[in-house]
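# Breakdown of the fold
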Amino acid sequence: MRRLACVIIAILCVGCGGGGGTSGTTVGVPVFSPSPGTYATAQSVTLSTSTPGASIRYTTDGSIPGEAVGTVYAGPIAVASSVTIRAVAYLPGWTTSSVSSGTYAITGSVVAPVFSPSPGTYATAQSVTLSTSTPGATIRYTTDGSTPSETVGTMYAGAIAVASSVTIRAVAYLSGWTTSSVSNGGYAITEPKVNVTVGSREVVYDWTNDRCEDLDVPDGPARFVRAGDGTLVLFSGNAPRYYVSRGSDFSSLTRVCGQPALVSADKPTPESYENWEWLWAVYREGDKWHAFVHNEFHDNTSATCTVGVPTFGNPCWYNSVTYAVSSDDGRTFIKPNAPAHVVAPAPNAWVPPPVYPSEAYVAEGYFQPSSIVRGPDGYYYSLMLSIRDKSSGQGICAIRSDRLDDPTSWRAWDGSGFNLRLTSPYATGASATVCTYLPIAIGNESLSYNTYLGLYMLVGYSNMGPSTTCGFYFSLSPDMVHWGPKQLIAPARIPWCDAGPATPGVLEPVMVMYPSLIDHGDTGVNFDRTGRNVYLYYTRDNDDNLDRDLVRVPVTFTLE
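Being a predicted model, the structure only gives us computed values, none of them experimental.

## A look at the sheet that holds strand S7 (residues 83-90)
Read across the sheet, 5 strands follow the order S2-S8-S7-S4-S5 without closing on themselves; strand pairing throughout is mixed. On the outer flanks of this sheet lie strand S2 (37-39) and strand S5 (71-72), each paired with one strand and no other. With 3 bridges connecting them, S2 and strand S8 (residues 100-106) associate as parallel partners. Across the sheet, the residue bridging to Thr38 is Ala105, located in S8.

## Some points on the layout of surface pockets
Of the volumes computed, that of the largest pocket is approximately 1,400 Å³. Lining of the largest pocket is provided by 44 residues; of these, Tyr361, Gln368, Pro495, Trp496 and Tyr514 occupy positions nearest its centre. Secondary-structure elements contributing two or more residues to the lining of the largest pocket are strand S25 (276-285), strand S26 (288-297), strand S27 (316-326), strand S29 (362-367), strand S31 (380-387), strand S32 (394-401) and strand S39 (512-518). The biggest single contributor to the lining of the largest pocket is S32, with 3 residues. For the lining of the largest pocket, a count of residues per class yields 25 nonpolar, 13 polar and 6 charged. Approximately 250 Å³ is the volume found for the second largest pocket. Forming the walls of the second largest pocket are 18 residues, and the residues nearest its centre are Pro339, Ala340, Val342, Ser424 and Ala427. Every element with two or more residues in the lining of the second largest pocket is listed here: strand S28 (342-344) and helix H4 (425-428). Its residues placed into classes, the lining of the second largest pocket shows 11 nonpolar, 4 polar and 3 charged.

## A short note on the sheet that holds strand S14 (residues 160-162)
Strand order in the open sheet formed by 3 strands is S9-S11-S14, and the pairing between neighbours is antiparallel. The sheet terminates laterally at strand S9 (114-116) and S14, the two strands that pair on one side only. The mean angle between the axes of side-by-side strands here comes to 30°, regardless of whether they run parallel or antiparallel. Inspection of the sheet shows S9 paired to strand S11 (residues 126-131) by 3 bridges, in the antiparallel sense. Note on S11: the bridge partner recorded for Phe115 is Leu130.

## Focus on the state of the cysteines
A full pass over the atoms with the stated rule returns 4 disulfides. Note that Cys212 is cross-linked by a disulfide to Cys257, the S-S spacing being 1.9 Å. One quick way to see it: the torsion about the S-S bond of Cys212 and Cys257 is about -85°, and its sign makes the bridge left-handed. Taken as a pair, Cys212 in the loop between helix H3 (207-210) and strand S19 (223-226) and Cys257 in the loop between strand S23 (254-255) and strand S24 (262-263) lie far apart in primary sequence, 45 residues in all. Judged by relative accessible area, Cys257 falls into the partly exposed class, the value being 38%. Two residues share a disulfide in this structure: Cys305 and Cys316, whose sulfurs sit 2.0 Å from each other. Across the S-S bond linking Cys305 and Cys316, the dihedral sits near -95°, which makes this disulfide left-handed. Taken together, the residues span a long stretch of sequence, with Cys305 in the loop between S26 and S27 and Cys316 in strand S27 at a distance of 11 residues.

## Regarding the pairing of S25
Buried residues dominate S25, accounting for 9 of its 10 residues. As defined by bridge partners, S25 adjoins S26 across 9 bridges and the pair is classed as antiparallel. Its bridge partner being in S26, Tyr283 is matched across the sheet by His290. Between S25 and S26, which pair antiparallel in sequence order, lie 2 residues; one of them, Gly286, sits at a positive phi of approximately 65°.

## As for the pattern of salt bridges
Enumeration according to the criterion identifies 16 salt bridges in this entry. We note a salt bridge from Asp405 to Arg403, for which the minimum N-O separation is 2.7 Å. For Asp405, a relative accessible area of 43% puts it in the partly exposed group.

How each quantity is defined
- Residues numbered from 1 in each chain as written.
- Predicted model: local features only at pLDDT ≥ 70, side-chain atom pairs only at ≥ 80, totals over all residues.
- Heavy atoms only, no water.
- Pairing = 2+ DSSP bridges.
- Helix = DSSP H or I, 4+ residues; strand = E, 2+ residues; numbered from the N terminus.
- 1 Å grid on protein atoms, 1.4 Å probe; cavity = no way out; pocket = protein on both sides within 12 Å on 5 of 7 lines; lining within 4 Å.
- Points joined across faces, edges and corners; volume = space filled by probe spheres on them.
- Nonpolar A, V, L, I, M, F, W, Y, C, P; charged D, E, K, R; others polar.
- Axes fitted to C-alpha atoms, helices over the stretch in contact; angles between N-to-C directions.
- Disulfide = S-S within 2.5 Å.
- Buried < 20%, exposed > 50% of the residue type's maximum accessible area, 1.4 Å probe, protein only.
- Salt bridge = Lys/Arg side-chain N within 4 Å of Asp/Glu carboxyl O.

Take a look at the structure:
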């Protein structure tokens, strides 16, 4: 009886494997949905089997799938071009299904590219994106009037910067499909034309009478911050002892000589990031005064530099932007957690030049940040100069942060977004990636958000070139990345572009530098807003040595 019971149990258990499935011991073959065939649009293909609990693997490269071969099916398969899908289903203790094959032929016409923003006339530079509703399609475009195709034009990989009038032509294509028709997008950029009126000069700081010591010269763009008691603090000083001016208003500023706001650490090593230091941009939030420091290391031990000279008279310059903070109303600044106080360290570790420089200097790194501006989007922005290495020319980088008390929070523009963290080669052991330079035709001395024009406004020097009028210029941007053409504020004699003292409208008969715009009517704390009526501040170099004055002239902007 015991043997008969075992036989009965064996008969009853035939087909019981896999939790009581109804398909026998072989797993049901995968089923395709929609059915294989020819389609005019991309498809989303699902796979299923009648055997509960079974897994499916599939291939699209022609190979035969198995329990350990192919991709585990986890959801619909996007089919944008012709392909054959092979699939098997399997379950432990069961026989793997036979291979199912489904061939999908995707044919039809790719949908033509769409422009955003729409083609048209705009007052400022635009960032144009292209898209097509055909999944998997590639886009090529041209801006020179030629007709794009699968092999002609630039492959679209990200937003297109449109700073001047242009027509973009684009097509979309996909293997096995008919290439789309050509889309045309004409963009007319009518940058606001602004008339500029400049008034009479007024000396703000006279080196002869106001200096605390001989090296106390205005050696940077003027910045203002309103203190907690309503008084004004003017930042426009020099290393190694950086002095500020204070006053109840713009007409009563007095140099404070008793205590420098910052004394340069003057350390002899590049990795300390505490060498010769200038307060270059200051922004107050509550009782904290956050500052960008322009830091210069000058190699005074290498034979190919100037031995024994750690100052800017040494032609070897290694620049970085660092952070300092004040908690005593801007009277003294400290650098917390040095050397981790660096905002933008030079991308390469310092190596002396192979020979003594034949030029006035060899420089590299990040330096001279603009003023800090809080944009309408709530982020803090700044621009800074960059020289990748000693053999490179300079460019301008944009940086952004959502907090000022953390120097590591700043991110640089990398060509597609503010994603790049600027790291120290002394911390990582490797050279760092350099930011993507912006197409700006002037310097970056002064940055503000102009409420009269509703745009970011950058003020700087002219660039070099025989057709350039020497002087101070401004440029406008809607997003801190795309900048319009430069517009002249006033002709001026600047160190590398000498207008000559007889030029009509020249600001001074001598060299000038470090322009910045300050709106005396700005009721905010940090003077990062400008309007229609502002003041242009600049440094006047009286003798090409130490005798420098800080001067201002009233400026009025009027839209044409």
